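In case you want the letters, here they are:
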Amino acid sequence: MDTSTFELKSDINGRMHVSLKHDSAHKHVSGEAEYIDDIPEMAGTLHGAVGLSTCAHGEIVSIDLAAVRAAPGVVRVFTGKDVPGVNDVSPGGRHDEPLLATDRVEFHGQPIFAVIAETREAARRAARLAKIEYKPLPHYLDVDSARQNGGALVTEPMTLKRGEPEAELDKPPFRLQGRMAIGGQEHFYLEGHIAMAIPGEDEEVTVWSSTQHPSEVQHMVGHVLGIPSNAVTVQTRRMGGGFGGKETQGNQFAALAALAAKTLKRPVKFRPDRDEDMVMTGKRHDFVVDYDVAYDGDGRIHAVDATFAARCGFSSDLSGPVTDRALFHADSSYFYPHVKLTSQPLKTHTVSNTAFRGFGGPQGMVGGERIIEEIAYATGKDPLDIRKANFYGQPGSGRDLTPYHQQVQDNIIARLVDELEHSSDYRARRQAIVDFNRSSRFIRKGIALTPVKFGISFTMTAFNQAGALVHVYNDGSIHLNHGGTEMGQGLNTKVAQVVAETFQVDIDRIRITATTTAKVPNTSATAASSGSDLNGMAAYDAARQIKERLIEFAASAYGVEATEVEFLPNRVRIGGEVVPFDTFVRMAYFARVQLSAAGFYKTPKIHWDRQSGKGHPFYYFAYGAACSEVSIDLLTGEYMMERTDILHDVGKSLNPALDIGQIEGAFIQGMGWLTTEELWWDDKGRLRTHAPSTYKIPLASDRPKVFNVKLADWAENAEPTIGRSKAVGEPPFMLAISVLEALSMAVASVADYRLCPRLDAPATPERILMAVERLRGM
């Protein structure tokens, strides 16, 4: 689709490239926003709960559910044997994730049976009465133990290679090896997983699901029930947060609700307790990165050989593409002349890890930044100078090819970093911090400026498509439906702005309705930062079709050329006459003009060959940079966020207010991942950080004392995306790497910056204190 004719006006309430409030903002703060648990329950609604494994790995010897069935209020108990279709909810089609375990359990907390009762409390109490006997088997909970077990994988690994790294590692004068452990992360959305199913006629069932991927839920429900997708309707009005955790993990709750609803012919709702939700659903993948790097005296990288091993859990889920994307971003913003990157998606007896904002990219990028940090401390240089020396060059420079052989054609990282370096006064502040640390006995400070280069597109090419449906009613009001899902990020507002811009009407004319598989089929997940790119273009395509029909009608009815028909703010100029938009639409209706259209968009240019490790997997890159300053207490390891300055590239922003909100939120969430959020399993495979009491997300008080966020307003996407904008969901998450690097500098001060502290993530106060003590002893 050619978007070069997509002209932008500027004098209407609802145009693109201006800050409009989130369409549901007033409902969020007033409590009027309706989530699934707010929907009035139909008469006869039943409630479900899940019986979970108490063994990390073992064969199920016997199951006694007599007490469960006899508990007050219990209507039915389901096991895997009651599934009429296929007892499987694996998203990748590998059939390695049973809806309900039957013969074997592979993590502590795996669902074994489901209880349906008159109330949620009755179902939850009954689920605890089961008597299950296991024959324990050896269990492996982390990367190291999984490797010792022979390194069983949940999916095929991938290797990216360019040049001759094996031969070139010995040639430069300097070489280093190291290892970094990078922790996982719990999604901790405000609204947990929930699904409600309502049975219909024949095979039909309607499911309300808190999901980022309604079409996959539709497919999974049909798969489990043994019915075609046309019998399943999935609806999602909004989610109270998703962050990737609701891309696949909602499948089991929706499938269980639908199974019970169709069997019992009554509505059924599943809403797990927060503890159960955290125990039985996947998280961000933990990684261990082993790297071998050769570099010269100026700190310029010559060759890299690195392995990215991930704790994937018991099944594949999305671990293949997650570990792939980690490799795609292991270069961070840097050119590696000779490089070999290998993934190792390891099977562990823990919950199957899944998508999380950045989708493996943050873990890969942290590994890349650790390499830069290692070189900086080894050479005694400012890490920012090492970063600049290794940045990708412009096309044709010979330093513009990624490890996956895609040319970096839109590189603006050097300009972004230079601007932030000056606006944040980085050099003077760093010198002041070095001076402060020389004389401070108990408090040490650190500062770091780190870049972000993040590829935008699903690496599975087929997912880069979207549909939308637009109706213009004869009173001039507009109905919009698209395949994206709203999880608080403002997607609906941005897509509505696109439609308002196309017709040149106020955004108040546009009604955004719940995402439903009955209106827009075969949608991709709202993920990979592609929601606005894909659905905005699909909505534009639908609106464009209607607009062209209206122009053709006006030209014919008034006897003018099509070029003499112009859409103005809330009105249409036809030759020398100006007609209000609603009047004009009514005229078109009576002239039998079709006022409805289905739009479609597929991302151009992208292609990828995983076997060869070559292709053009990303349509474009989004860039950013952050400068963070911290202070740490040498006696306790505690730290404070003193200041953060961010300059981020969103192209020509569709809605600057929403984009800045996304950047701020992503940074704080990334900061939590790298500093306070720690997942911990005991030796029996039990997740012990399964509640707010033991899992520490960042609070408002943890934000930087000074927090400056600015969009690179000079940036514009070189590709013809919607309004020349760029994605903003995931890229700013990695800006928080600046916090980890700043903490590292503060720790390094105790050894006069001679040694890289090699802080693992999350850099909790305990880890910082241990690093301080370790460096003091060197």
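That block above? That's the structure.
Keep in mind that what you see is a predicted model, and the values were worked out from it rather than measured.

Quick notes on the rules
Residues numbered from 1 in each chain as written. Predicted model: local features only at pLDDT ≥ 70, side-chain atom pairs only at ≥ 80, totals over all residues. Heavy atoms only, no water. Helix = DSSP H or I, 4+ residues; strand = E, 2+ residues; numbered from the N terminus. Rg over C-alpha atoms; globule rule 2.2 N^0.38 Å. Buried < 20%, exposed > 50% of the residue type's maximum accessible area, 1.4 Å probe, protein only. Contact = heavy atoms within 4.5 Å. Areas by Shrake-Rupley, 256 points an atom, 1.4 Å probe, with all protein chains shown as cover. Lys, Arg positive; Asp, Glu negative; His and termini not counted. Charge placed at Lys NZ, Arg CZ, Asp CG, Glu CD. Pairing = 2+ DSSP bridges. Phe/Tyr/Trp six-rings, centres within 6.5 Å; stacked < 30°, edge-to-face > 60°. Lys NZ or Arg CZ within 6 Å of the ring centre and 35° of its normal. Axes fitted to C-alpha atoms, helices over the stretch in contact; angles between N-to-C directions. Parallel < 35°, antiparallel > 145°, perpendicular 65-115°, else oblique. Left-handed = near helix turned anticlockwise from the far one by under 90°. Nonpolar A, V, L, I, M, F, W, Y, C, P; charged D, E, K, R; others polar.

**Q** Please provide a residue-by-residue account of the overall build of the chain, values included.
**A** Along its length, the chain carries 19 helices and 29 strands. Taking 2.2 N^0.38 as the reference for a compact globule, 778 residues should give roughly 28 Å; the C-alpha atoms of the chain span a radius of gyration of 27 Å, in line with that estimate. Once the C-alpha set of the chain is aligned to its principal axes, its extents read approximately 85 × 75 × 50 Å. Buried positions account for 62% of the 778 residues belonging to the chain. Partitioning the contacts of the chain with sequence separation of at least 6, the portion at a separation of at least 24 is 80%. In the form shown here, the chain has an accessible surface area of approximately 28,300 Å², with 50% of it arising from carbon and sulfur atoms. The chain carries 83 positive and 97 negative side-chain charges, and their two centres are separated by 2 Å.

**Q** Tell me about the pairing of strand 1 (residues 46-52), and please be specific about residues and values.
**A** Most of strand 1 is tucked away, with six of its seven residues classed as buried. Summarising the sheet, strand 1 and strand 12 (residues 268-270) pair through three bridges and their orientation is parallel. Across the sheet, the residue bridging to H47 is K269, located in strand 12. Looking at chain direction, strand 1 and strand 5 (residues 111-117) are connected through six bridges and run antiparallel. Along strand 5, the bridge assignment pairs L52 with P111.

**Q** Can you explain the packing of aromatic side chains? Please cite residues and give values.
**A** Note on aromatic pairs: each is described by the distance of the centres and the angle between the planes. In total, this model carries 20 aromatic pairs according to the counting rule given. For the ring pair F328 and W608, a centre distance of 5.0 Å and an interplane angle of 75° mean the geometry is edge-to-face. Here F328, found in helix 9 (residues 319-328), pairs with W608, found in strand 25 (residues 607-609); they are 280 residues apart in sequence, far enough to count as distant. Exposure remark for W608: the relative accessible area of 17% places this residue in the buried category. Seen in terms of ring centroids, F335 and Y392 are 6.1 Å apart; in terms of plane orientation they differ by 65°. Their pairing is edge-to-face. Note that F335 is positioned in the loop between helix 9 and strand 15 (338-347) and Y392 in the loop between helix 11 (383-390) and helix 12 (413-423), a separation of 57 residues in sequence. With respect to burial, F335 and Y392 carry one shared label: buried. Ring pairs connect the aromatic residues F328, Y404, W608, F618, F621 and Y623, which therefore count as one cluster. The ring of Y35 carries the charged tip of R238 above its face, separated from the ring centre by 5.8 Å. Here the basic side chain of R284 rests over the ring of W673, its NZ or CZ set 5.0 Å away from the ring centre.

**Q** Help me get a handle on the packing of helix 10 (residues 361-379) against helix 11, residues and values and all.
**A** Each pair of packed helices can be described by the angle between their axes along with the distance between the axes. Orientation of helix 10 relative to helix 11, taken along the N-to-C sense of each, is 120°, at an axis distance of 8 Å. As the angle between them shows, helix 10 and helix 11 are arranged oblique. Considering the relative orientation of helix 10 and helix 11, their crossing is right-handed. Of the residues in helix 11, those touching helix 10 at E369, I372, I375, A376 and T379 are P383, I386, R387 and N390. Tallied by class, residues from the contact of helix 10 with helix 11 come to five nonpolar, two polar and two charged.

Any functional reading would require information that these geometric values do not contain.
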